[in-house]
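Residue-level listing of the chains:
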Protein chains: 2
Amino acid sequence: MSVERPESRLSFSTLGSCARGIDSVITRLMAAKLAQPEMLSLAAGFTDNGLLPQELVGEAVAHLAGTEKKAHFQYGMNRGRPGLRNCVIDLLKTYPGEASLSLSPENILITNGSQQGLYILVQMLCDPGDIVLVESPSYFVFLELLKGLGVKAVSIPMDAEGRIDADGLQALIDTYKADGIFDRVKLVYLMGAYANPSTRCIDESEKAALAGVLHALERPIPVIEDMAYRELYFEEPFPARSLLAMSEWDDYPVIYAGTFTKPFATGMKVGFIVSRDRECLDTVASIKGHQDFGTAHFPQAILEYVLSSGAYSAHLSHIRQAYMKKRDLLESALEEHGFRDAGWSWQQPRGGLLLWARGPEGTDTRIGSAFHRICLEKEILYVPGDLCFAEGSPHGHVRLSFGALESALIPEAARRFCEAALAAEKG
Amino acid sequence: MSVERPESRLSFSTLGSCARGIDSVITRLMAAKLAQPEMLSLAAGFTDNGLLPQELVGEAVAHLAGTEKKAHFQYGMNRGRPGLRNCVIDLLKTYPGEASLSLSPENILITNGSQQGLYILVQMLCDPGDIVLVESPSYFVFLELLKGLGVKAVSIPMDAEGRIDADGLQALIDTYKADGIFDRVKLVYLMGAYANPSTRCIDESEKAALAGVLHALERPIPVIEDMAYRELYFEEPFPARSLLAMSEWDDYPVIYAGTFTKPFATGMKVGFIVSRDRECLDTVASIKGHQDFGTAHFPQAILEYVLSSGAYSAHLSHIRQAYMKKRDLLESALEEHGFRDAGWSWQQPRGGLLLWARGPEGTDTRIGSAFHRICLEKEILYVPGDLCFAEGSPHGHVRLSFGALESALIPEAARRFCEAALAAEKG
C-alpha cells in the first residue's frame, strides 16, 4: 500500500509514516467537545456525566482500602485480574440463551477499553495492505485504526434493510479469489448490538448465514464481534446470542470485544476480549505484554468489586432508563422541528447512545459542505456519516449522539440542528 | 528478519508471528510472583505494597467527588489532562540545573505507564529488521518489546567502568556504514538514572560525548532517555541534567520517558513522554489515538490532585528513605552471608529498587543452570543477568530487587540466595 510521506528530517517506520498522514477525527471531535463547551455537541460519543458512577466508585475505593493489603495498587497479571475475568463470564451468561456458555478466565483478557483489544487484534492479524471486511456503515474510529496500521477496510455488501447480504459477500470473496487477492482478507469486524453508528443489532439468522459463507472457505478468517453497546439496551436485551454462544460458530476463531467504558466508568477505560481460540488469545496476550504488561490494576479492582457486589446490574437498570429518556427527548424534538417532514429518516434506537439519520436524496453532510458550515454557525456538532463508510460514501447521513449532552439541552440542540438541516436544503 | 512461525491454522501478520514466538520473561516472572507467594522473590520489579499511597489516593478520590462534575470519570484528551501535563513540567523543573527548562503542555504526552510510550516510539521509528542501540546491560523488558516488533537490539560498546565508549560507538557506526546497513539504525535507548538493571546513572560528560558522535551523523537518530527510576534517588538527585535540558542536545530529537508507576501508584499505570520534537510527538499522539485515544482519565485526575497539592514530594521523601533502608538490609545480609567473599561484586545502588551483581569468573546464572536450579530448590527467585544483554551474554550476573519483598523477609532471602550461590560454585 502506498503511503504518503510528508517531508521529514526523521526516518519513520512504515507505521509511523501511515500515522503521520492521518488527521484523526476522533481526536479532533474529542478536543472540540472539551475545548468549546458552548458548542452543543451531538457528535461526541461521550457518556452522560450525570450517570457516571461517582458514589459506586467511592464505595469501592473505601472497600478496597480495608482489604487486599494494597494489592490493587500493585502490578497485576498481564491478562487481568482473575476475579474480574470471572465477573465478565458471569455478565455474559446473563444474556438470553447464553447461560450455558462454556468459558474460563483463560478465555478472557482485560484491555485498556475495547479499543486496545481491537488494535492488538488488527496488529496481530494484518500486515499493511491487507483487507478487513466491515459492515456498511461501520465504527469510524475502527476505520481510522485500520488506516493507521496501513490496512484497507472494505464494506461487506448489505441489503436494503441494512443486513449482511450473504450472497453478496460470497460474490465479493469470489471476486477476490479470481483476482488472486483473497489471501489478503484477514479479518471480519462486526458490531453485534446497537452498532455505532447505526444502532442496528445482528440477529441469529444473519449470523448463521454469515457462518455458512465463512465456514466454507479453505482457511478461517477470524471474526470480531464488537459488543461495546450490548449492555445499553433500553427495554430488553437483544435476543440474538453472541457468536461465541452459537453452535454454528463452534471451532471458528471468533473474538468478542466488550467494555465497561460505556456502561460504567468512561474514565477508567477497562475493556475485555473473549475468545475460545487459544492460539489467538495467547498471541494477543503476548502483544499486550509488550504494550503495557497489563491494564492498570486499580480500576480493575474497583470494577471487580462493583460487579461482584451486584451493584453493577442496578446501575445498568438506572442508566438504561435514563438513556431511553434522552433518546425520547431527541426523537421528539427532531419530529417537532420538522426533521422527518423534511425527508430525513431513521430507525428508532433500541439501545446505545446514537441516532443514525439519512437525509433526503442529494443531502451532503460532509465536513466542508454547506450543511456542515451552517451547523458550525449555529454552534452545533454532529458526525458526518461519510466517515462511517469504508469507501467514504454515501454522503447523506448524520450520526447524532444523545449520550453526552445534558437532557435540558437536547431540545435546543435538536432545534438548532433541524434549522441547520432545513436551511442547508434550501441552499 | 526471519521469524520462526509455529504451525498455525490462522494467518498471522509479521508482528503476530513475532509475538507468538516469544516466551515472555516479564509475564512469567510476574505470574510466578503472583502465583507462588511462598517463594521469596528477589526477581520481580514490583514496588513495596507497604509504600503504596492508599491514604493519598483515598483523599484524592474524596476531593474529586466534590469537584469537576464527574469529568474525571469521563473521557479526556488523547494527550492527557492538561493540568497533569503541567505538573509533569513542574516536576522536571525540580531537578538540578533544570529550573529553566522550556516546556509547554504540548511537549508532554500521558501514556499507560512509560512502557506504552516506549512501545509507540519503537513502532513509530522501526520496521522489522531495524536496529536499536542499547546500553550493556539494558532493560530486559525493553529488549523483549523490541523482539516482539521484530527489531534487533545491539549493545553500544561500554568501557570497563560501564560507561558509554564514544570511540567504540563511532567505530560501530563506521562498521555499519561500511556494511551498508547504517540506515537500519533507527533509535538509541538509554536509562539516564538508576538504570534497570545496573542502577548506574549517566553523567553529563558521557552525555556530551554521545552528543558529539550522534550530531556528526548525516541524519539524526532519535534518543530515548528512560527516566523511570529518576525520582527514586536515596539521598540526593543525581546531578546530571536530562538530555532535554542540555544545550548539547538542542534541536536533536530527544524523548524523555517518565512514569508515576514506580514512585507513586504502580496499579494506576500512568506514565509520560516529553519531547520538543513536534513531528515526533504529534506522530506518537496519532498512534496513541488508535491504540486507546487517551490514558484512563480517572487515575490521571488522582495524580494531578496529588501532585498539585504538594503531597507528592512528601510521599517521595518518605519512600526514598524506606527503599534506602531496604537496600541496606539487602546489602548487609549479602555481606554477612559471604556473598562478597565468594567473589561477587556490585556497586552500591544510590537509587532505584535493584542491585546488580557480578559473579566470579565462570559463574553461570542462566535459566536452567545449576545456579538457577539450586535457587528454585531453595525457593528464591532472581533475574538471570544474561536476559539484560542484547546479545544474551555474559552469563555471570544477577539482578536482585529489594522493591517488593517485605523488609522482614529480605535477610532470609539474602541468606538463601547466598547459600545457593555458594553451593552452585562448589558445583
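Residues numbered from 1 in each chain as written. Chains lettered and ligands numbered in written order. Predicted model: local features only at pLDDT ≥ 70, side-chain atom pairs only at ≥ 80, totals over all residues. Heavy atoms only, no water.

- Chain A goes by PLP-dependent aminotransferase family protein in an unreviewed UniProt entry, where it is assigned to Oceanipulchritudo coccoides.
- What UniProt states about chain A under its Cofactor (unreviewed entry) heading is, verbatim, "pyridoxal 5'-phosphate". (UniProt positions renumbered as here; feature names shortened; annotations may be inferred.)

Some details on the sheet that holds strand E4 (residues 152-155) of chain B
All names here are of chain B.
Moving on, step 1. Taken in spatial order, the seven strands line up as E2-E8-E7-E6-E5-E3-E4 in an open sheet, and their pairing is mixed. This sheet does not close on itself; its edge strands, each paired only once, are strand E2 (108-111) and E4. Between one strand and the next, the sheet's axes are offset by a mean angle of 25°, whatever the strand orientation.
Moving on, step 2. Pairing analysis gives four bridges linking strand E3 (residues 131-134) to strand E5 (residues 185-191), with the strands arranged parallel. What sits directly across from leucine 133, in E5, is valine 188.
Moving on, step 3. Lying over the sheet, helix H6 (residues 140-148) contacts E3, E4 and E5, oriented at roughly 175° with respect to E3. (Pairing = 2+ DSSP bridges. Helix = DSSP H or I, 4+ residues; strand = E, 2+ residues; numbered from the N terminus. Axes fitted to C-alpha atoms, helices over the stretch in contact; angles between N-to-C directions. Contact = heavy atoms within 4.5 Å.)

A word on the confidence of the model for chain A
Moving on, step 1. Confidence in the prediction of chain A, expressed as mean pLDDT, is 94, and 96% of residues score 70 or more.
Moving on, step 2. The low-confidence segment residues 1-6 of chain A, where pLDDT is below 50, has nine contacts with residues more than four positions distant or belonging to other chains. (pLDDT = per-residue confidence, 0-100.)

A short note on the environment of glycine 180 of chain A
Residues and elements named next belong to chain A.
Moving on, step 1. Mapped onto the elements, glycine 180 comes out in the loop between helix H7 (166-178) and strand E5 (185-191).
Moving on, step 2. Residue classification places glycine 180 among the exposed positions, given a relative accessible area of 55%.
Moving on, step 3. Considering only alpha carbons, one finds glycine 180 and phenylalanine 142, 38 residues apart in sequence, at a separation of 26 Å. (Buried < 20%, exposed > 50% of the residue type's maximum accessible area, 1.4 Å probe, protein only.)

A short note on the pairing of E5 of chain B
All names here are of chain B.
Moving on, step 1. Of all seven residues making up E5, seven are buried, and the element is well covered by its neighbours.
Moving on, step 2. Sheet topology note: the E5/strand E6 (residues 223-226) ladder contains four bridges and is parallel. By the bridge assignment for E6, valine 188 is matched with valine 223.
Moving on, step 3. Taking the sense of rotation as the criterion, the β-α-β connection linking E5, helix H8 (residues 204-215) and E6 turns out right-handed. (Right-handed = clockwise from strand over helix to strand, strands pointing away.)

As for the relation of the copies chain A and chain B
Moving on, step 1. Expressed as a screw transformation, the operator carrying chain A onto chain B has a rotation angle of 180° and an axial translation of 0.0 Å, and the superposed copies differ by an RMSD of 0.0 Å. Between the two chains, the operation in question is that of a two-fold axis.
Moving on, step 2. Of the interface residues in chain A, 100% have counterparts in chain B that sit at the interface too, so the contact is made through matching surfaces. (Least-squares fit on C-alpha atoms with pLDDT ≥ 70 in both.)

Focus on the interface of chain A and chain B
Moving on, step 1. Each partner contributes to the interface: chain A provides 84 residues, whereas chain B provides 84 residues.
Moving on, step 2. Contact with chain B buries surface across chain A, with Phe73, Tyr75 and His290 of chain A losing the most and accounting together for 12% of the total.
Moving on, step 3. At the boundary of chain A and chain B, one finds two salt bridges.
Moving on, step 4. Between arginine 20 of chain A and glutamate 279 of chain B there is a salt bridge; the shortest N-O distance is 2.9 Å.
Moving on, step 5. If you look at where chain A meets chain B, you find 44 residue pairs in polar contact (both at pLDDT 80 or more).
Moving on, step 6. Of all the secondary-structure elements, those providing two or more residues to the side of chain A that touches chain B are helix H1 (14-20), helix H2 (25-35), helix H3 (54-65), helix H5 (113-125), helix H6 (140-148), helix H9 (278-291) and helix H10 (297-308) of chain A.
Moving on, step 7. Take the side of chain A that touches chain B: its biggest share by element is eight residues, from H9 of chain A. (Buried area = accessible area lost by both parts, 1.4 Å probe. Salt bridge = Lys/Arg side-chain N within 4 Å of Asp/Glu carboxyl O. Polar contact = N/O pair within 3.5 Å; in protein donor to acceptor, adjacent residues only side chain to side chain.)

As for the side chain of lysine 326 of chain B
All names here are of chain B.
Moving on, step 1. Tracing the chain through its elements places lysine 326 in helix H11 (residues 311-336).
Moving on, step 2. Under the relative-accessibility criterion, lysine 326 is labelled buried at 2%.
Moving on, step 3. Those residues in contact with lysine 326 that sit more than four places away from it in its chain are Asp48, Phe402, Gly403, Ala404, Leu405, Glu406, Ser407 and Ile410.

Here's the deal with the environment of glutamine 291 of chain B
Moving on, step 1. Residue position: glutamine 291 of chain B is located in helix H9 (residues 278-291).
Moving on, step 2. Residues glutamine 291 of chain B and glutamine 116 of chain B lie 175 residues apart in sequence; the distance between their C-alpha atoms is 9.7 Å.
Moving on, step 3. Contact partners of glutamine 291 of chain B, with chain neighbours within four places excluded, come to Gln115, Gln116, Tyr119 and Gln291 of chain A together with Gln116, Tyr119, Ile120 and Gln123 of chain B.

Looking at the domain arrangement of chain A
Where interface size is given, it is often the accessible area lost as the parts come together that is meant.
Residue and element names in this part refer to chain A.
Moving on, step 1. For chain A, the assigned domains read domain 1 (14-52 + 314-426) and domain 2 (54-312).
Moving on, step 2. Summarising the inter-unit geometry, the C-alpha centres of domain 1 and domain 2 are found 25 Å apart.
Moving on, step 3. Between domain 1 and domain 2, the residue contacts involve 36 residues of the former and 39 residues of the latter.
Moving on, step 4. The largest share of the area that domain 1 buries against domain 2 comes from His315, Leu316 and Arg320, three residues that together contribute 17% of it.
Moving on, step 5. For the pair domain 1 and domain 2, the number of links is zero salt bridges. (Domains from an automatic or database assignment.)

As for unusual backbone geometry
Moving on, step 1. Following serine 136 of chain A, the chain continues into proline 137 of chain A via a peptide bond in cis, with omega recorded as 5°.
Moving on, step 2. On the secondary structure map, proline 137 of chain A appears in the loop between strand E3 (131-134) and H6.
Moving on, step 3. At the junction of asparagine 196 of chain B and proline 197 of chain B, the peptide bond is cis and its omega measures out at 10° in the coordinates.
Moving on, step 4. For proline 197 of chain B, the position within the fold is in the loop between E5 and H8.
Moving on, step 5. One non-glycine residue, tyrosine 194 of chain A, lies in positive phi territory at about 55°.
Moving on, step 6. If you trace the backbone, tyrosine 194 of chain A turns up in the loop between E5 and helix H8 (204-215).
Moving on, step 7. Its identity is not glycine, yet aspartate 251 of chain B carries a phi of approximately 60°, on the positive side.

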